[in-house]
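Descriptive structure summary
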Amino acid sequence: GKRAFIAGVADDNGYGWAIAKSLAAAGAEILVGTWVPALNIFESSLRRGKFDESRKLQDGSLMEIAKVYPLDAVYDSPEDVPEDVKANKRYAGATNWTVQEVAESVKKDFGTIDILVHSLANGPEVSKLLSETSRKGYLAALSASSYSYISLLKHFLPIMNPDGSAISLTYIASERIIPGYGGGMSSAKAALESDTRVLAFEAGRKKRIRVNTISAGPLGSRAAKAIGF
Ligand code: ZID
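Residues numbered from 1 in each chain as written. Predicted model: local features only at pLDDT ≥ 70, side-chain atom pairs only at ≥ 80, totals over all residues. Heavy atoms only, no water.

1. Quick word on the overall build of the protein chain
This is how the line gets drawn: Think of it this way: any DSSP run of H or I at least four residues long counts as a helix, any run of E at least two long counts as a strand, and we number them from the N terminus. For this measure, only C-alpha atoms enter the radius of gyration; the expected value for a globule follows 2.2 Å times N^0.38, where N is the number of residues. Three exposure classes are used, based on accessible area relative to the maximum for each residue type with a 1.4 Å probe and protein chains only: buried under 20%, partly exposed in between, and exposed over 50%.
In terms of regular secondary structure, the protein chain is built from nine helices and six strands. Expected size for 229 residues packed as a compact globule is a radius of gyration near 17 Å; at 17 Å, the protein chain falls within 12% of this value. Considered along the principal axes of its C-alpha atoms, the protein chain spans approximately 50 × 45 × 40 Å. In the protein chain, which comprises 229 residues, the proportion classed as buried is 48%.

Here you go:
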């Protein structure tokens, strides 16, 4: 069977969860990466059976998550983590959550993966017009929503089996004006789409890994509700 790592699962409402279920139903082993600040609530909800109804697959069995890894995809390695984040209560309880460390942990625990899913985005100033977005907010949107895909591929490629596949989720606001999708999020999706073409070329040559992005339809996830979509 195939093994999948899905980055960006912190509840049962988003794309990451739905993709995990589809992959589980197709027989894949499921590993997830959960944003550090959301880790405790996600794990305790899983443990307490809060997601059992939505873990149900077509055949009546429950999706098993082989392991939940804390992840913050805006940091590539421990040297990149600022002191205030290190000291933050919500981060201090978890370890090894930079992209490089998560890839190392997955390698140690499972050896290889076949499928990498990027289902995460963050734009702190998403509710601001692009023309009123700060440099900091713009770069934060690109860091969390675009570079995170490059970083995940960079660090997971060495443990991906040949003929594997990577996928992310984009949004048509990259190409057309969608009022309300501000803060540089439209820019972040445009970067994500362009990067996908280049990464597909590079990962295809390096390891026969396919790299794609799918333009999502509307889904009432936590992220979508936060921006009033
Ligand atoms: P979600 O909240 O379930 O998933 C986002 C996840 O990212 C959360 O679990 C966060 O904890 C996690 N996260 C945030 N920052 C970090 C970080 N630094 N490190 C690690 N994890 C982090 O929301 P979702 O399922 O909507 O989002 C998944 C992907 O789908 C994202 O790339 C979205 O941009 C993309 N997407 C979603 C929608 C939607 O409707 N939900 C749309 C397009 C793309 C969309 O907005 N018509 C209107 C709107 C839309 C489509 C059509």
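2. Comments concerning the packing of aromatic side chains
For the record, the criterion: Note on aromatic pairs: the rings of Phe, Tyr and Trp (six-membered ring only in Trp) are paired at centre separations within 6.5 Å, and the planes decide the class, stacked below 30 degrees, edge-to-face beyond 60, tilted for the rest.
Under the counting rule described, the total for this entry stands at seven aromatic pairs. Centroid distance Tyr75 to Trp97: 6.1 Å. Interplanar angle 65°. Geometry classified as edge-to-face. Residue Tyr75 is located in the loop between β3 (65-71) and α4 (83-87), and its partner Trp97 is located in the loop between α5 (89-92) and α6 (99-110); the two are separated by 22 residues in the primary sequence.

3. Focus: the packing of helix α7 (residues 135-156) against helix α8 (residues 185-207)
Our working rule: Helix axes use the C-alpha atoms of the stretch in contact, all axes being lines fitted to C-alpha atoms, and the angles between their N-to-C directions lie in the range 0 to 180 degrees. Orientation categories follow fixed angle ranges, with anything under 35 degrees roughly parallel, anything over 145 roughly antiparallel, 65 to 115 roughly perpendicular, and all other angles oblique. The sense of a crossing depends on the near helix, which, turned anticlockwise from the far helix by less than a right angle, makes the crossing left-handed and, turned clockwise, makes it right-handed. Contacts are assigned to residue pairs with any non-hydrogen atoms lying within 4.5 Å of each other.
Two elements in contact, α7 and α8, have axes whose closest approach is 8 Å; the angle formed by their N-to-C orientations is 20°. Here α7 is positioned roughly parallel relative to α8, judged by the angle of their axes. For the crossing formed where α7 meets α8, the hand is right-handed. Residues Tyr138, Ala141, Leu142, Ser145, Ser146, Tyr149, Ile150 and Leu153 of α7 pack against Met185, Ser187, Ala188, Ala191, Leu192, Asp195, Thr196 and Leu199 of α8.

4. Structural notes on the sheet that holds β3
Filter applied, for reference: The pairing criterion is simple: DSSP has to find at least two bridges between the two strands.
Strand order in the open sheet formed by six strands is β3-β2-β1-β4-β5-β6, with parallel pairing between adjacent strands. Both outer strands of the open sheet, β3 and β6 (210-215), are each paired with one neighbouring strand and no more. Across the sheet, the mean angle from the axis of one strand to that of its neighbour is 20°, orientation sign disregarded. In this sheet, β6 lies alongside strand β5 (residues 160-170) in parallel orientation, the contact comprising six bridges. Bridging across to β6, Ala166 finds its partner in Val211. Together, β2 (29-35) and β3 form the strand contacts of helix α2 (residues 39-47), whose direction differs from that of β3 by roughly 165°.

5. Examining α6
Here is the rule we go by: Multiplying 1.5 Å by the helix residue count minus one yields the expected span of that helix.
Taking 1.5 Å as the rise per residue, α6 with 12 residues should run 16 Å; its terminal C-alpha atoms sit 16 Å apart, in good agreement. Residues of α6 that are buried include every one of Val99, Glu101, Val102, Ala103, Ser105 and Val106, and no others. Residues of α6 that are buried make contact with β1 (3-7), β2, β3, β4 (113-118) and α7.

6. Focus on the site of the ligand
How we decide: For this purpose, a residue is taken to be near a molecule or strand whenever a single non-hydrogen atom of the residue falls within 4 Å of it. We call two N or O atoms a polar contact when they sit within 3.5 Å, provided that within protein one can donate a hydrogen and the other can accept it, with sequence-adjacent residues counted only if both atoms are side-chain atoms.
The environment of the ligand is made up of 27 residues, and the closest members are Tyr15, Asp72, Lys189, Leu219 and Ser221. Here an oxygen atom of the ligand and a backbone polar atom of Tyr15 are 2.7 Å apart. One of the backbone nitrogen or oxygen atoms of Ala223 is found 3.2 Å away from an oxygen atom of the ligand. Mapped by element, the contributors of at least two residues to the shell around the ligand are β5 and α9 (222-226). When residues of the shell around the ligand are assigned to their parent elements, the largest contribution, three residues, is made by α9.

7. Focus: the side chain of Asp114
So the rule is basically this: We treat Lys and Arg as the positive residues and Asp and Glu as the negative residues; His and chain ends play no part in the count. Counted as salt bridges are all cases of a side-chain nitrogen of Lys or Arg within 4 Å of a carboxyl oxygen of Asp or Glu.
Its place among the elements puts Asp114 in strand β4. Here Asp114 sits buried without a salt bridge, and the closest side chain of opposite charge, Lys2, lies 4.9 Å off (N-O distance). One polar contact links the side chain of Asp114 to the main-chain amide nitrogen of Arg3, over a distance of 2.8 Å. Residue contacts for Asp114: discarding those within four places in its chain leaves Gly1, Lys2, Arg3, Met160, Asn161, Gly164 and Ser165.

8. Side note on the nonpolar core
The criterion, for reference: Residues belong to one nonpolar core when they are buried, are Ala, Val, Leu, Ile, Met, Phe, Trp, Tyr or Cys, and are joined through side-chain atoms within 4.5 Å.
Counting 27 residues, the largest nonpolar core has Ile6, Leu23, Ile30, Val32, Phe42, Ile65 and Trp97 as the members making the most contacts within it. Contributing elements (two or more residues each) for this core: β1, α1 (15-25), β2, α2, β3 and β4. Among the elements that line this core, the one with the most residues is α1, at four residues. Those residues in contact with Ile6 that sit more than four places away from it in its chain are Gly16, Ala20, Leu23, Ile30, Leu31, Val32, Gly33 and Val117. One finds Leu71, Val99, Phe156 and Val211 within the second-largest nonpolar core, a separate group that totals 26 residues.

9. Let's talk about the layout of surface pockets
Once rolled over the atoms, a probe with the size of a water molecule shows which space is left empty. This is how the line gets drawn: Cavity means a closed set of points on a 1 Å grid over the protein atoms alone, one where a 1.4 Å probe fits but cannot get out, pocket means an open set with protein on both sides within 12 Å along at least 5 of 7 lines, and lining means a residue has an atom within 4 Å of a point. Grid points are joined across faces, edges and corners, and a volume is the space filled by probe spheres set on the points.
Size it by volume and the second largest pocket reaches roughly 230 Å³. Lining the second largest pocket are 14 residues, with Leu130, Ile178, Pro179, Tyr181 and Gly182 sitting closest to its centre.

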